[in-house]
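# Examination of the molecular architecture
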Amino acid sequence: MIVQVRWGILGTANIARASFLPGVRAAGGRTVAVAGRDAERTRVYAQQHGIERVHTGYEALLDDPLVDAVYVPLPNALHLPWVLRALEAGKPVLCEKPLGLTAAEVDTMIDASRKTGVPLWEAFVFMFRPHFAQIQAWIAEGAIGTLQEVDSRFRFALRSRDNIRFRPELGGGALYDVGCYPVHLATQLFGGPGLQTAVLADWDATGVDATTAGVVAFKTGHLLFGASLASGRDTFTRLVGSTGAITASNPFHPIDRDTLTLYQGGRVTTVPAGDGTPSFTAQIAHIQRAIRGEEAARGTAATTSRATAATLDLIRKTAARES
Ligand SMILES: NC(=O)c1ccc[n+]([C@@H]2O[C@H](COP(=O)([O-])OP(=O)(O)OC[C@H]3O[C@@H](n4cnc5c(N)ncnc54)[C@H](OP(=O)(O)O)[C@@H]3O)[C@@H](O)[C@H]2O)c1
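As the structure is a prediction and not an experimental result, all values here were calculated from the model. (Residues numbered from 1 in each chain as written. Predicted model: local features only at pLDDT ≥ 70, side-chain atom pairs only at ≥ 80, totals over all residues.)

Of the regular secondary structure elements, the protein chain holds nine helices and 15 strands. The C-alpha radius of gyration of the protein chain comes to 19 Å, within 12% of the 20 Å expected for a compact globule of 323 residues. Along the first, second and third principal axes, the C-alpha set of the protein chain runs to 55 × 45 × 35 Å. When each of the 323 residues of the protein chain is scored for burial, the buried share is 49%. Taking as baseline every contact in the protein chain between residues at least 6 positions apart, the subset at least 24 positions apart corresponds to 67%. (Helix = DSSP H or I, 4+ residues; strand = E, 2+ residues; numbered from the N terminus. Rg over C-alpha atoms; globule rule 2.2 N^0.38 Å. Buried ≥ 20, exposed ≤ 12 C-beta atoms within 10 Å, placed from the backbone. Contact = placed C-beta atoms within 7 Å.)

Moving on, we come to the packing of helix α7 (residues 174-190) against helix α9 (residues 301-322). Contact geometry of α7 with α9 gives a least axis separation of 9 Å together with a crossing angle of 125°. Overall, the two elements α7 and α9 adopt an arrangement that is oblique. The handedness of the crossing between α7 and α9 comes out as right-handed. Contacts from Leu175, Cys180, Val183, His184, Thr187 and Gln188 of α7 reach α9 at Thr304, Ala307, Thr308, Thr311, Leu312, Ile315 and Arg316. Looking at side-chain class alone, the contact of α7 with α9 contains six nonpolar, six polar and one charged residues. (Axes fitted to C-alpha atoms, helices over the stretch in contact; angles between N-to-C directions. Parallel < 35°, antiparallel > 145°, perpendicular 65-115°, else oblique. Left-handed = near helix turned anticlockwise from the far one by under 90°. Nonpolar A, V, L, I, M, F, W, Y, C, P; charged D, E, K, R; others polar.)

Once that is clear, we can look at α9. The end-to-end C-alpha separation of α9 is 30 Å, in line with the 32 Å expected for 22 residues at 1.5 Å each. The complete set of buried residues in α9 reads Ala301, Ser305, Ala307, Thr308, Ala309, Ala310, Thr311, Leu312, Ile315, Arg316 and Ala319. Check the buried side of α9 and you find it contacts α5 (103-116), β6 (120-122), α7, β8 (196-203) and β9 (209-217). (Expected span 1.5 Å × (residues − 1).)

Moving on, we get to the sheet that holds strand β5 (residues 93-95). An order of β3-β2-β1-β4-β5-β6 is seen for the six strands of this open sheet, with the pairing classed as parallel. Strands at the two margins of the open sheet, each flanked by one partner only, are β3 (53-56) and β6. Put simply, the sheet's adjacent strands are angled 20° from each other on average, direction ignored. Pairing of strand β1 (residues 6-10) with strand β2 (residues 30-36) involves five bridges; the strand directions are parallel. Of the residues in β2, the one forming a bridge with Leu10 is Ala35. (Pairing = 2+ DSSP bridges.)

On to the domain arrangement of the protein chain, then. When its domains are assigned, the protein chain resolves into domain 1 (6-124 + 281-297) and domain 2 (126-276 + 307-322). The gap between the C-alpha centroids of domain 1 and domain 2 is 25 Å. Contacts between domain 1 and domain 2 engage 15 residues on the former and 15 residues on the latter. Among the secondary structure elements, those contributing two or more residues to the side of domain 1 that touches domain 2 are α5 and α8 (281-291). Ranked by the residues each element gives to the side of domain 1 that touches domain 2, the list is headed by α8, at three residues. For the side of domain 1 that touches domain 2, the per-class residue count stands at nine nonpolar, five polar and one charged. (Domains from an automatic or database assignment.)

Once that is clear, we can look at the nonpolar core. Core analysis: the largest hydrophobic core is formed by 92 residues, its most contacted members being Leu10, Val70, Val72, Val83 and Val93. At ten residues, α7 tops the list of elements feeding residues into this core. Both domains that meet at this core, namely domain 1 (6-124 + 281-297) and domain 2 (126-276 + 307-322), each give it at least three residues. (Core = buried A, V, L, I, M, F, W, Y, C linked by C-beta atoms within 7 Å.)

Neighbouring the ligand are 22 residues; Gly11, Thr12, Ala13, Asn14 and Gly36 lie closest to it. With three residues, helix α1 (residues 14-26) is the single largest residue contributor to the shell around the ligand. Here the shell around the ligand gathers at least three residues from each of two domains, domain 1 (6-124 + 281-297) and domain 2 (126-276 + 307-322). (Near = placed C-beta within 6 Å.)

Considering the arrangement of structural elements, one finds Pro193 in the loop between α7 and β8. C-alpha of Pro193 to C-alpha of Arg298: the two residues are 105 residues apart in sequence and 19 Å apart in space. Contacts of Pro193, omitting those with residues within four sequence positions, involve Thr187, Ala307, Ala310 and Thr311.

Right, let's talk about α7 for a bit. Think of an α-helix as turning once every 3.6 residues; residues three or four places apart then point the same way. End to end, α7 covers 23 Å across 17 residues, agreeing with the expected 24 Å (1.5 Å per residue, within 8%). A maximum bend of about 50° is found in α7 at Cys180, where proline Pro182 lies one to four positions downstream. The element α7 is largely enclosed, with a buried count of 16 among its 17 residues. Among the residues trailing α7, Gly191 stands out with phi positive, at a value near 75°. (Bend = angle between axes of the 7 residues up to and from the residue.)

Right under this line is the structure:
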């Protein structure tokens with residue numbers, strides 16, 4: 001019986017250091033192993049972060065019997081091969097967003113999860129946090145009438161070109177990196193994939209999209225989105241319904257000063273959006289409970305990732321055609 005889930009990380013990634021490790025600690029788990037391509041870099045990373053087991057090469061970590069679950073924060077183009085190998089090794093996986101580069105890749109991973117019986121989650125951590133439950137509850141109880149529009153941006157300025165986000169062969173670009181967030185939010189709230197889109201992309205000299213913006217039609221409403229690696233930081237989101245609206249100052253990674261505001265005619269209600277824990281805590285805590293058999297796995301890739309991947313396919317193909 002697993003009492004404390006022992007995590008292993010593939011790659012000495014920044015996001016693992018900044019968000020995953022604090023999330024595991026806050027959720028009562030333990031990160032026991034890290035694997036990297038370079039032995040010395042991995043050893044230093046492990047030492048800096050108090051990780052006891054160091055593997056050179058990702059395969060070795062997947063073979064480690066003392067690792068219960070695996071976090072995959074590799075460049076986007078490497079998610080598919082390493083998620084498949086982790087599932088084959090029988091380790092539940094939390095993989096970074098976007099889960100795959102195409103809907104076909106995402107389908108392959110979901111099929112592998114079903115065939116092996118090993119659960120797979122995509123790290124859209126906001127879906128597990130209380131502020132998202134509050135948004136869903138307001139919508140479900142009709143607080144804004146019928147949801148018509150998701151208006152969502154995720155933009156920031158990345159100055160260094162020495163970054164996986166500027167490497168097309170690794171799945172770089174604004175749409176994959178941050179555009180996937182508004183798209184995921186919309187697919188979850190509208191309950192399915194986008195059907196039609198109009199998109200503008202601004203291409204960087206490296207070959208990735210530095211900015212992608214557009215509109216996506218869904219069965220019951222539409223998404224206005226903006227994603228950029230070359231703009232001032234902006235994650236504002238507004239959900240507009242037939243009788244009201246909800247704004248989120250930071251819908252994807254709220255901290256304690258962030259808020260949700262509900263507008264109903266002249267009535268305005270503002271509540272805190274942060275929950276006092278690191279952003280990854282709630283999803284990691286759920287995964288650990290699911291691994292221990294204390295609750296059924298929910299929000300897995302099988303139930304949430306397909307519609308997003310199909311919508312990203314549609315946007316990418318349209319952006320390529322129009323540019
Ligand atoms: N959910 C979130 O909030 C969030 C936030 C930021 C990023 N992310 C996602 O997390 C993933 C990693 O992002 P990051 O910013 O942490 O990237 P990063 O710091 O560059 O980490 C990626 C890691 O992948 C490994 N790697 C393997 N092959 C590589 C290659 N050919 N080139 C570069 N690195 C390679 C490297 O580790 P070794 O060399 O040690 O093997 C590297 O440390 C991406 O999928 C990104 O979308 C998610």
